[in-house]
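Working through the structure, step by step
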Amino acid sequence: MDDLLTISQVAERSGFATSALRFYEREGLIEAHRTTGGQRRYERHELRRLAFIAAARHVGLSLDEIRDALSLLPSERHPNKADWTRISRSWRRRLDAEIIALEKLRDGLDGCIGCGCLSLQRCRLSNPRDTAATRGSGAVFLPQPLHPPQS
Ligand code: FES
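What counts and how
- Residues numbered from 1 in each chain as written.
- Predicted model: local features only at pLDDT ≥ 70, side-chain atom pairs only at ≥ 80, totals over all residues.
- Heavy atoms only, no water.
- Phe/Tyr/Trp six-rings, centres within 6.5 Å; stacked < 30°, edge-to-face > 60°.
- Buried < 20%, exposed > 50% of the residue type's maximum accessible area, 1.4 Å probe, protein only.
- Helix = DSSP H or I, 4+ residues; strand = E, 2+ residues; numbered from the N terminus.
- Expected span 1.5 Å × (residues − 1).
- Contact = heavy atoms within 4.5 Å.
- Polar contact = N/O pair within 3.5 Å; in protein donor to acceptor, adjacent residues only side chain to side chain.

**A closer look at the packing of aromatic side chains**
On inspection of all chains with the given rule, the structure shows four aromatic pairs. Consider the rings of F16 and Y24, whose centres lie 5.3 Å apart with planes at 80°: the pair is edge-to-face. You can call Y24 buried: its relative accessible area is 6%. Note on F52 and W91: the rings are 4.8 Å apart at their centroids and 25° apart in plane angle, and the pair reads as stacked. Here F52 is found in helix 3 (residues 46–58), whereas its partner W91 is found in helix 5 (residues 81–108), with 39 residues between them in sequence.

Printed below as a string of structure tokens:
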């Protein structure tokens, strides 16, 4: 167990709070061994899983999407490059959609986004009397990934 990391070491190196590490372990996204005293000890490769989780959360992926992606990794050995390539391939379409959505947001914010505010001159032309509301909630002129999560 000498080359294993303590929860404080993983928290410091990953940037996640220890409470988050315990949460992700409960969610089955990361794994920890236990010492005879019951303390958590982590394999160093868990740091890459945590970095992956941080990036995924940053681009708005759900815990379920992250869990599905991480389930592609082997549990019986340390993941290698080929394993991570498999994940990035499985995610390519999802990330491409996020990239397109963010580009549209970047380029569309000075125009009417169909949010119902009717506050811009442009809204009168693009969204008279908020007709966009018939298409759903949120900024309906923006791509789906930028719409509020369905409650
Ligand atoms: S920007 Fe809000 S309705 Fe046009």
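**Let's talk about unusual backbone geometry**
A positive phi angle, close to 50°, is found at R129, a residue other than glycine. A relative accessible area of 72% means that R129 is categorised as exposed.

**What to know about helix 5**
A rise of 1.5 Å per residue sets the reference length of helix 5, with its 28 residues, at 40 Å; its end C-alpha atoms lie 38 Å apart and thus fit the reference within 8%. The complete set of buried residues in helix 5 reads D83, W84, I87, W91, E98 and A101. The inward-facing, buried residues of helix 5 abut helix 3 and helix 4 (63–70). Sitting at the amino-terminal end of helix 5 is N80, which places a side-chain oxygen 3.1 Å from the backbone nitrogen of A82.

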